Protein chains: 2
Amino acid sequence: MKKQSTEIRQKQIKEAFLDIIHSDGLKSLSTRNLSKKIGLSEGSIFRHFASKQDIILAIFSDVDRDFIDSLRIIANSSESPEKRLSKLLCRTVTYLVDNKGVTMLLFSEASHNNDTELKTRLLHIFNSQKKLVSKIIHDGIAIGTWDESLHVDNIAMLYMGIPVTVNIELILNGGQFHSQNFCQQMMTLLERILNKENA
Amino acid sequence: MKKQSTEIRQKQIKEAFLDIIHSDGLKSLSTRNLSKKIGLSEGSIFRHFASKQDIILAIFSDVDRDFIDSLRIIANSSESPEKRLSKLLCRTVTYLVDNKGVTMLLFSEASHNNDTELKTRLLHIFNSQKKLVSKIIHDGIAIGTWDESLHVDNIAMLYMGIPVTVNIELILNGGQFHSQNFCQQMMTLLERILNKENA
DNA sequence: TACTTTTGTAAGCAAATACTCACACCAATG
DNA sequence: CATTGGTGTGAGTATTTGCTTACAAAAGTA
């Protein structure tokens, strides 16, 4: 096998890692299989990552950078709160479908190994989303479109159930998810909660 | 070790199984540890269960019988739809807290092993709940308390996010969940969606 | 009592796992 | 050119895993 820089190899390893999760499930996720998939020796993998857990942590960082950052941009844009919340939800659903259950499977890995570091990282990703939702709702209340008597935390919690449920459906239905207009429909329900006139 | 009937041993094994999940996490869930916990030899465990997976399946059956059946009784009672939906939700949250993340951890096990049988059983438990929720909502629409223009499936989906999110909080926060009035508060939000006057 | 059945055990198996190591190669640098 | 340092490899390690098996002993039954 031709030599490559650590940077390139790390990228390949992370990609193969997610590929295996998607196609064969977590149980096939051994360093043996990983090396086979890439066509690299097992020893080489440990040249570019100190441990298997390090690979997972690197993927978490990617999720943080790619996904959470894109949500942050939406949440902080100058559009109306309704628009922002809707976009946030749709972006989340799209991401989950495009990255077929990866977050949930990593979640599964985290609870399987009862790993504190992994759990902390997951909690961070989870809470980051919740905070962005809360922010948008607060904005909507501040400008008077949404009901000020609402408990924002509760709605954020209810909101978080949506992506999580999408994840579960994805896993249990083997990656299938029929989501035409799904996020719009959920948004309609959320607005029934948020809108002022609905006492 | 004194001899005991298979019935008693199976019960002990299932209990120890859940104990280990709760106290040490899934990674410690080996037949070796299981036998140590009970004080029985490892060979004995395989005398009472054909395989490790059989233990998990037996626990699923227990959940089905104890938990889902109790939900079914609530859903089919003669109380008002509001009351039934509220009780259903509260019962679910209570069960999840009392059985600290067990369903989710079994879920983790199912997706970890990519096991079709386990996934099917989980899907069944998941869908059973969804159906009961749908039934109650349909009843509420039929008697005129709730808005007939609602897409029942969507609300059932939104509802399912609540217990699932509770599970996640339980796992990520190490079994802590501050749920005073939690289910009532969620119920308040759901009613804002369901009630007729909220166009 | 004599038998059969059920339950218990210790030892051990084959397979898989994450990870290491001694060594080979290659490219860049002095 | 010689040196150095990063990259690749195959064989090997120790450990863990789910599960089996040969046999002992207790419990049930005649």
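To be clear, the structure that these remarks concern was listed above.
Each residue is numbered by its place in its chain's sequence as written, counting from 1. Lettering of chains starts at A and numbering of ligands starts at 1, both following the order in which they are written. A pLDDT threshold of at least 70 governs which residues receive local features in this predicted model, and a stricter bar of 80 or more applies before side-chain atom pairs are shown or counted, although totals over entire chains, interfaces and linings include all residues. The side-chain figures draw on all heavy atoms in the structure; neither hydrogens nor water molecules are used.

Q: Got a minute to help me understand the protein's contact with DNA strand C in this structure?
A: Being near a molecule or strand, for a residue, means having at least one of its heavy atoms within 4 Å of it. As a structural note, the neighbourhood of DNA strand C is formed by 26 residues, with Arg32 and Lys52 of chain A together with Arg9, Arg47 and His48 of chain B the closest of them. Within 4 Å of the protein, the atoms of DNA strand C are drawn from sugar and phosphate moieties in a proportion of 49%. The term polar contact refers here to a pair of N or O atoms within 3.5 Å; inside protein, the definition further demands a hydrogen-donor-capable atom paired with an acceptor-capable atom, and it admits residues adjacent in sequence only when both atoms are side-chain atoms. With respect to DNA strand C, the side chain of Lys52 of chain A contributes an N or O atom lying 2.6 Å from a phosphate oxygen. In the environment of DNA strand C, a phosphate oxygen lies 3.4 Å from a nitrogen or oxygen atom belonging to the side chain of Ser44 of chain B. Note on conventions: DSSP H or I runs of at least 4 residues are helices, E runs of at least 2 residues are strands, and numbering of each starts at the N terminus. Within the residue set of the surface near DNA strand C, elements represented by two or more residues are helix H2 (31-38) and helix H3 (42-48) of chain A together with helix H1 (6-24) and helix H3 (42-48) of chain B. Amino acid classes used here: Ala, Val, Leu, Ile, Met, Phe, Trp, Tyr, Cys and Pro are nonpolar; Asp, Glu, Lys and Arg are charged; the rest, including Gly, are polar. Looking at the surface near DNA strand C residue by residue, the class counts come to four nonpolar, 11 polar and 11 charged.

Q: Got a minute to help me understand the pattern of salt bridges in this structure?
A: Where charged atoms from two side chains of opposite charge approach closely, those side chains can pair. A side-chain nitrogen of Lys or Arg and a carboxyl oxygen of Asp or Glu constitute a salt bridge if their distance falls within 4 Å. Here the structure, examined in full by the defined rule, presents 22 salt bridges over all chains. For Asp66 of chain B, the salt bridge goes to Arg65 of chain B, with nearest N and O atoms at 3.6 Å. Where Arg84 of chain B meets Asp139 of chain B, a salt bridge forms, and the shortest distance between an N and an O atom there is 2.9 Å. Linking Arg84 of chain B in helix H5 (residues 81-98) with Asp139 of chain B in helix H7 (residues 116-142), this pair joins segments that are 55 residues apart in sequence. Working definition: with a 1.4 Å probe on protein chains only, accessible area under 20% of the residue-type maximum means buried, over 50% means exposed, and in between means partly exposed. A relative accessible area of 23% places Asp139 of chain B in the partly exposed class. Salt bridges sharing partners connect three or more residues here, namely Lys14, Asp62, Arg65 and Asp66 of chain A.

Q: Would you explain the packing of aromatic side chains in this entry?
A: Each aromatic ring pair is specified by the distance between its two centres and by the angle formed by the two planes. When two rings of Phe, Tyr or Trp (its six-membered ring) have centres within 6.5 Å they constitute a pair, described as stacked for plane angles under 30 degrees, edge-to-face for angles over 60, and tilted for the intermediate range. In the structure shown here, the tally under the stated rule is four aromatic pairs over all chains. The interplanar angle of 80 degrees and the centroid separation of 5.2 Å between the aromatic rings of Phe177 of chain A and Phe182 of chain A together place this pair among those described as edge-to-face.

Q: Just to check I follow, could you spell out the interface of chain A and chain B for this structure?
A: Should any heavy atoms of two residues lie within 4.5 Å, those residues are considered in contact. With 45 residues of chain A at the interface, the matching set in chain B holds 45 residues. The quantity reported as buried area is the accessible area (1.4 Å probe) lost by two parts once they are put together, taken as the sum for both. When chain A packs against chain B, close to 4,200 Å² is buried across both sides, 67% of that on carbon and sulfur atoms. Sorting the residues of chain A by area buried against chain B places His112, Leu172 and Arg192 of chain A first, and these three jointly supply 18% of that buried surface. Across the contact surface, chain A and chain B share four salt bridges. Between Glu169 of chain A and Lys130 of chain B there is a salt bridge, and its shortest N-O distance comes to 2.7 Å. The tally of links between chain A and chain B comes to 15 residue pairs in polar contact (both at pLDDT 80 or more). Among the secondary structure elements, those contributing two or more residues to the side of chain A that touches chain B are helix H6 (102-113), helix H7 (116-142), helix H8 (152-172) and helix H9 (182-194) of chain A. Tallying contributions element by element places H8 of chain A first for the side of chain A that touches chain B, with 13 residues. Grouping the amino acids of the side of chain A that touches chain B by side-chain chemistry returns 24 nonpolar, 13 polar and eight charged.

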